[in-house]
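One-letter residues, chain by chain:
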Amino acid sequence: VLGALNVSGSVIVVLDLRQLLHLGGMSDLLRVIVVRGVSGPFGIAVEAIEGRHESQLSSHSAGVDGPFSSITADWLAVIDLARLEDCGAPGASSP
């Protein structure tokens, strides 16, 4: 857990995926994406938001381990929020 954020009077947990996935230390995480997981909303800290990407589900590779539902043909990982909570994202299942 990176911290907490007050969103419209509700406190939600903010996660750093790099820590959860053991990808390294902290850096400038300046933005938070608020998502609605199975157990309610939580935040994911990000360095930047570069836009929105649309792809056909048929072009995704299935059977990916961890919190990912698939990988696109151009190597973008698609996060499954239910799997993220199941992977032990601290506080994501009970904000």
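Residues numbered from 1 in each chain as written. Predicted model: local features only at pLDDT ≥ 70, side-chain atom pairs only at ≥ 80, totals over all residues. Heavy atoms only, no water.

Draft legend 1. Structural context of the sheet that holds strand β2 (residues 10-15). With mixed pairing, four strands are arranged side by side in an open sheet as β1-β2-β4-β3. Each edge of the sheet is formed by a strand with only one pairing partner; in this case those strands are β1 (3-7) and β3 (31-37). Across this sheet, the average inter-strand angle for adjacent strands is 35°, counted without regard to direction. With two bridges joining them, β2 and strand β4 (residues 40-46) adopt parallel strand pairing. Residue pairing in the sheet places L15 in a bridge with I44 of β4. (Pairing = 2+ DSSP bridges. Helix = DSSP H or I, 4+ residues; strand = E, 2+ residues; numbered from the N terminus. Axes fitted to C-alpha atoms, helices over the stretch in contact; angles between N-to-C directions.)

Draft legend 2. Fine view of the side chain of R18. Along the chain, the position of R18 falls in helix α1 (residues 17-20). Take R18: its relative accessible area is 18%, and that puts it in the buried class. There is a polar contact of 3.4 Å between the side chain of R18 and the side chain of E47. (Buried < 20%, exposed > 50% of the residue type's maximum accessible area, 1.4 Å probe, protein only. Polar contact = N/O pair within 3.5 Å; in protein donor to acceptor, adjacent residues only side chain to side chain.)

Draft legend 3. Here's a closer look at the layout of surface pockets. The calculated volume of the largest pocket comes to roughly 970 Å³. Taken together, 23 residues form the lining of the largest pocket, with L17, I33, V46, A77 and I79 sitting closest to its centre. The set of elements that each furnish at least two residues to the lining of the largest pocket consists of α1, β3, β4 and β6 (77-79). (1 Å grid on protein atoms, 1.4 Å probe; cavity = no way out; pocket = protein on both sides within 12 Å on 5 of 7 lines; lining within 4 Å. Points joined across faces, edges and corners; volume = space filled by probe spheres on them.)

Draft legend 4. Representation of the pattern of salt bridges within the structure. Tallied over the entire structure, the rule returns two salt bridges. R18 is the salt-bridge partner of D16, the closest N and O atoms lying 3.2 Å from each other. Each of the two residues, D16 as well as R18, counts as buried. Between E47 and R18 there is a salt bridge, with its nearest N and O atoms 3.4 Å apart. (Salt bridge = Lys/Arg side-chain N within 4 Å of Asp/Glu carboxyl O.)

Draft legend 5. Just the confidence of the model for the protein, in detail. Considering every residue of the protein, the mean pLDDT works out to 79; 87% of them sit at 70 or more. Within the protein, α1 has the poorest average pLDDT of any element, 79, and β2 the best, 89. (pLDDT = per-residue confidence, 0-100.)

Draft legend 6. Spotlight on the nonpolar core. One finds V13, L15, L17, V35, F42, I44, V46 and L84 forming the largest nonpolar core, which totals eight residues. In terms of residues, this core owes the most to one element, β4, which gives three residues. (Core = buried A, V, L, I, M, F, W, Y, C linked by side-chain atoms within 4.5 Å.)

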